[in-house]
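Overview (structure and organization)
Residues per chain, in single letters:
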Amino acid sequence: MPLNRPMNAPAEGRLTVPKFVAMKKAGRKITMLTAYDFPMAQLLDESGVDAILVGDSMSMVVQGHATTLPVTLDEIIYHAEIVGRAVQRALTIVDMPFPSNHLGRYKAVENAGRILKETRCQAVKLEGGADQAEIIAALTSAGIPVVAHCGLRPQNVHLLGGYKVQRDHDRLLKEAHEAEAAGAFCVLLECIPAEFASEITRSLSVPTIGIGAGAGCDGQVLVTNDMLGLTSGYVPRFVKPYADLRSSIKQAVAQYNDEVRTGKFPGPDQQFK
Ligand code: KIV
């Protein structure tokens, strides 16, 4: 008799947390990109990306804020539910927005629990390592897989006075190790010297995903809008532009404007008899 698969259970072919972790042991580099809406999440998934992050970068990329601080848990859940419905294969991870993991274990489990219950996503990411060990352990024992985000923590922008490369070698090593010991299944390393990131990667048994952390990590993540050339203004140095979609869109819209204004569009093919 066929087993009924509940809506949220991973389908065959779906990248699960254990399969994701096994990629490190198999020596397979992991790709991760951000998505915030249905068409982009579907495109990334169809293009074979391993993991999709509904990042709190949404605050800057989608909502136009100057930092990641303003986005709320409800807003993240709204977008994660959309992304979760679009993705068939990739592992989907959702950021815990500030301060949803800073109000004690009970609140953190309640907030991360909402993310898993109300979206089809499979894991959460939170900024922190050693200081969040208690929270990571509580979430993990509640069955909520956690990615720890160490190095540059954009939610600490005011404490740090800006987005800077993090160079405190011993603290970074401790952060990553305590996150793994607490149960994190992956450690994201942001803006740290490539040499430190390689050392951390070699010393952990869970995968590391780097952003501005060099080629020695087990995988890489970028903000999709940055790598596709959709971001206006400042783009960090560690981003490689794989496309220039702002130019393509501007060119297409300029042509449309021109054709409507000169009566060239709609043509015979775009009209009904
Ligand atoms: O919110 C985000 O997009 C991130 C990046 C590190 C990818 O956390």
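Residues numbered from 1 in each chain as written. Predicted model: local features only at pLDDT ≥ 70, side-chain atom pairs only at ≥ 80, totals over all residues. Heavy atoms only, no water.

1. A word on helix α6 (residues 133-141)
Convention followed: Burial classification: accessible surface area is computed with a 1.4 Å probe over protein chains only, and a residue below 20% of its type maximum counts as buried, one above 50% as exposed, and the rest as partly exposed. Note on conventions: DSSP H or I runs of at least 4 residues are helices, E runs of at least 2 residues are strands, and numbering of each starts at the N terminus. In this description, contact between two residues means that some pair of their heavy atoms is separated by no more than 4.5 Å.
Within α6, burial applies to Ala133, Ile135, Ile136, Ala138 and Leu139. Lining the buried residues of α6 we find α5 (105-118), β4 (123-127), β5 (146-151) and α8 (169-182). Looking one or two residues past α6, glycine 143 carries a phi angle of roughly 90°, positive in sign.

2. Observations concerning the site of the ligand
Note the following rule: We call a residue near a given molecule or strand whenever any one of its heavy atoms falls within 4 Å of it. Think of a polar contact as two N or O atoms within 3.5 Å of one another; within protein, one of them needs to be a possible hydrogen donor and the other a possible acceptor, and neighboring residues in sequence only count if both atoms come from side chains. To measure how exposed things are, a 1.4 Å probe is used in the Shrake-Rupley method; for residues, cover is taken only from the protein chains shown. In this count, Pro and Cys sit with the nonpolar residues alongside Ala, Val, Leu, Ile, Met, Phe, Trp and Tyr, while Asp, Glu, Lys and Arg are called charged and the others, Gly among them, polar.
Of all residues adjacent to the ligand, which total 13 residues, the nearest are Gly55, Asp56, Ser57, Asp95 and Lys125. For the ligand, an oxygen atom lies 2.8 Å from a polar atom in the side chain of lysine 125. Considered on its own, the ligand offers 260 Å² of accessible surface; in the complex 95% of this is hidden by protein. Residues of the shell around the ligand, tallied by class, amount to five nonpolar, four polar and four charged.

3. A few points about the pairing of strand β8 (residues 219-222)
Counted only if it meets this: When DSSP finds at least two bridges between two strands, those strands are taken to pair.
With four bridges connecting them, strand β1 (residues 30-34) and β8 associate as parallel partners. Bridge pairing in β8 places isoleucine 30 opposite glycine 219. As defined by bridge partners, strand β7 (residues 208-211) adjoins β8 across two bridges and the pair is classed as parallel. In the strand pairing of β8, glycine 210 is matched with glutamine 220.

4. Quick look at the packing of aromatic side chains
To keep it simple, the criterion reads: Classification of ring pairs rests on two measures: the distance between centres of Phe, Tyr or Trp rings, Trp counted by its six-membered ring, which must be within 6.5 Å, and the angle between planes, read as stacked under 30 degrees, edge-to-face over 60 and tilted in between.
All told, the structure shown has two aromatic pairs when counted by the stated rule. Where phenylalanine 20 meets phenylalanine 185, the ring centres are 5.7 Å apart and the plane angle is 75°; that geometry is what we call edge-to-face. Linking phenylalanine 20 in helix α1 (residues 17-25) with phenylalanine 185 in the loop between α8 and β6 (186-190), this pair joins segments that are 165 residues apart in sequence. Grouping residues by exposure puts phenylalanine 20 and phenylalanine 185 together as buried. Between tyrosine 256 and phenylalanine 265, the aromatic rings sit 5.9 Å apart at their centres with planes inclined by 55°, giving tilted as the arrangement.

5. Examining the environment of isoleucine 82
Here isoleucine 82 shows up in helix α4 (residues 73-86). Residue isoleucine 82 is classed as buried on the basis of its relative accessible area of 16%. The spatial distance from the C-alpha of isoleucine 82 to the C-alpha of alanine 252 is 27 Å, given a sequence separation of 170 residues. Apart from the residues within four sequence positions on either side, isoleucine 82 is in contact with Asp37 and Phe38.

6. Description of the state of the cysteines
Rules: Here, two cysteine sulfur atoms that lie within 2.5 Å of each other are counted as a disulfide.
Enumeration over the complete set of coordinates arrives at zero disulfides. Among the cysteines around cysteine 121, which has no disulfide bond, cysteine 186 carries the closest sulfur, lying 15 Å off. When its relative accessible area of 5% is taken as the criterion, cysteine 121 is described as buried. No disulfide involves cysteine 150; its sulfur sits 10 Å from the nearest other cysteine sulfur, which is in cysteine 186.

7. Some words on the environment of valine 223
You can see valine 223 is positioned in the loop between β8 and α10 (224-227). Measuring from C-alpha to C-alpha, the distance between valine 223 and isoleucine 211 comes to 9.2 Å, with 12 residues separating the pair along the chain.

8. Quick word on helix α11 (residues 245-261)
Note the threshold: Here, expected helix span is obtained from the residue count minus one, scaled by 1.5 Å.
With 17 residues, α11 should reach 24 Å at 1.5 Å per residue; the first-to-last C-alpha distance of 24 Å fits that figure. Once α11 finishes, glycine 263 follows within two positions and takes phi at roughly 80°, a positive value.

9. Observations concerning the side chain of histidine 149
Along the polypeptide, histidine 149 turns up in strand β5. Separated by 3.2 Å, the side chain of histidine 149 and the backbone oxygen of leucine 152 make a polar contact. With residues near it in sequence (within four places) discarded, histidine 149 still touches Lys125, Leu126, Glu127, Gly128, Pro154, Leu188 and Glu190.

10. Some words on the domain arrangement of the protein chain
Cut-off, in case you're wondering: Residue ranges assigned to each domain were obtained from an automatic or database domain assignment.
Each assigned domain of the protein chain is listed with its residue range as follows: domain 1 (17-242) and domain 2 (245-273). Computed from C-alpha atoms alone, the centre-to-centre distance between domain 1 and domain 2 is 39 Å.

11. Description of the pattern of salt bridges
Convention followed: Just to be clear on terms, a salt bridge is a Lys or Arg side-chain nitrogen sitting within 4 Å of an Asp or Glu carboxyl oxygen.
Scanning the model with the defined rule gives 11 salt bridges in all. Note that arginine 105 is salt-bridged to glutamate 134, the shortest N-O span being 3.2 Å. Of the two residues, arginine 105 is situated in helix α5 and glutamate 134 in helix α6; the sequence distance between them amounts to 29 residues. Residue classification places arginine 105 among the partly exposed residues on the basis of a relative accessible area of 47%. For glutamate 134, a relative accessible area of 51% corresponds to the exposed category. The shortest N-O distance in the salt bridge between aspartate 168 and arginine 171 comes to 3.6 Å. Among the charged side chains, a network of salt bridges with common partners joins Asp74, Arg114 and Glu118.

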